[in-house]
Amino acid sequence: MDLKTFIRDIDNFPKEGVVFKDITPLLANAQAMQYTLDKLLEMVGDVSIDKVVGMESRGFFFAPLLAQKLNAGFVPVRKPNKLPAAKTSQTYDLEYGTDTLEIHSDAILAGEKVLVHDDVLATGGTAKATCDLIKRLGGEIVQCNFLIELDFLNGSHKLGDIPTRALLNY
Ligand SMILES: O=P(O)(O)OC[C@H]1O[C@H](OP(=O)(O)OP(=O)(O)O)[C@H](O)[C@@H]1O
Ligand SMILES: Nc1ncnc2[nH]cnc12
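Throughout what follows, the structure given in this document is the object of discussion. (Residues numbered from 1 in each chain as written. Chains lettered and ligands numbered in written order. Predicted model: local features only at pLDDT ≥ 70, side-chain atom pairs only at ≥ 80, totals over all residues. Heavy atoms only, no water.)

Regarding the site of ligand 1
1) Next: The environment of ligand 1 is formed by E56, S57, R58, K79, D118, D119, V120, A122, T123, G124, G125 and T126.
2) Next: One nitrogen or oxygen atom from the side chain of K79 is found 2.8 Å from an oxygen atom belonging to ligand 1.
3) Next: Here ligand 1 loses 73% of its free accessible area of 500 Å² to cover by the protein chains.
4) Next: In a pocket analysis with a 2 Å cut-off to the grid points, ligand 1 is assigned to the largest pocket. (Near = heavy atom within 4 Å. Polar contact = N/O pair within 3.5 Å; in protein donor to acceptor, adjacent residues only side chain to side chain. Areas by Shrake-Rupley, 256 points an atom, 1.4 Å probe, with all protein chains shown as cover. 1 Å grid on protein atoms, 1.4 Å probe; cavity = no way out; pocket = protein on both sides within 12 Å on 5 of 7 lines; lining within 4 Å. Sits in = over half its atoms within 2 Å of the grid points.)

Concerning the layout of surface pockets
1) Next: Estimated volume of the largest pocket: approximately 1300 Å³.
2) Next: Going through the elements one at a time, β2 (19–22), β5 (87–93), β6 (98–104), β7 (113–121) and α4 (125–136) are the ones with two or more residues in the lining of the largest pocket.
3) Next: Counting residues per element, the lining of the largest pocket draws most heavily on β7, at four residues.
4) Next: Class assignment of the residues belonging to the lining of the largest pocket gives a composition of 18 nonpolar, eight polar and eleven charged. (Points joined across faces, edges and corners; volume = space filled by probe spheres on them. Helix = DSSP H or I, 4+ residues; strand = E, 2+ residues; numbered from the N terminus. Nonpolar A, V, L, I, M, F, W, Y, C, P; charged D, E, K, R; others polar.)

Remarks on the pairing of β5
1) Next: Along β5, the buried face is formed by T88, Q90 and Y92; none of K87, S89, T91 and D93, which line the opposite face, is buried.
2) Next: Bridging between β5 and β6 involves seven bridges; their strand directions are antiparallel. Bridge pairing in β6 links Y92 to D99.
3) Next: Hairpin connection, β5 to β6: the antiparallel pair is bridged by four residues, and G97 has positive phi, about 90°. (Buried < 20%, exposed > 50% of the residue type's maximum accessible area, 1.4 Å probe, protein only. Pairing = 2+ DSSP bridges.)

Section: the nonpolar core
1) Next: Counting residues in each nonpolar core, the largest one holds 26 residues, and the members touching the most others are L26, V52, L66, L70 and I148.
2) Next: Contributions of two or more residues to this core are made by α2 (30–44), α3 (63–69), β7 and β8 (140–149).
3) Next: When residues in this core are grouped by element, the largest group, seven residues, is from α2.
4) Next: Not counting chain neighbours up to four residues away, the residues in contact with I148 comprise I7, K21, I23, D119, V120, L121, A166, L168 and Y170.
5) Next: If you look at the next biggest cluster of nonpolar residues, it comprises 24 residues, including V114, A129, I141 and L159. (Core = buried A, V, L, I, M, F, W, Y, C linked by side-chain atoms within 4.5 Å. Contact = heavy atoms within 4.5 Å.)

So, to be careful, I would describe these as geometric facts and stop short of saying anything about function.
Structure (C-alpha cells):
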C-alpha cells in the first residue's frame, strides 16, 4: 500500500511558508490505519517494551494502539498545565522562543524500556524534550518511532545516538 497517497500537503499552514503534512485522510481509512500500525510495529522489531510514550496531540493517534499490540502501557506527554498529578517538565527552544512539555513523574519507572512515538519528526525539538523527560525519570529509550520524518529539517541529529526510525520520509 502506498501510504503517501493518504497524506496531503496543505500549503501555508499553520504559518506562511510551512507545508503541512495532513494525515487525517490516512486516519479516516481503516485499511491504511491497519497497514500503518503493522508497519510501525515492524519497525520496533522483536524487542520487549514496558511503556509507549506519545506526544500530544497527534502522537496520541497511534501510540496507544502500539502500546496495546506490544503489551505495554501508554504514557502521554502533554503540553503545559494539562496533567493533574505530580509532573516533570522540560523546556526546549523553538525557532523563536521556548515551549514546555510535561510527563507524570510516576509514569515511567527507572530501568523501564520505552518506545517513543509521534506522527511527525520535524526539527526534533518535541522528540528531544520528550527523550530528556524519559531519561530524567530513569527510562531506557529503545527507539523513537515516527510515521513521517521531514529529512530536510535534520531532526534526527538532535536525538544523538537514540535509534530513530520513520515509516515515510520527505
Ligand atoms: O520536530 P518538531 O519541530 O518538534 O515538530 C514535530 C511536532 O510538531 C507537531 O505537533 P504540534 O506542535 O503541531 O502539535 P499537535 O500535535 O497538537 O498538532 C507534531 O505532531 C510533532 O509533535
Ligand atoms: N510540516 C509539518 N506537517 C505536519 N506536522 C508538522 N509538525 C512540524 N512540522 C510539521
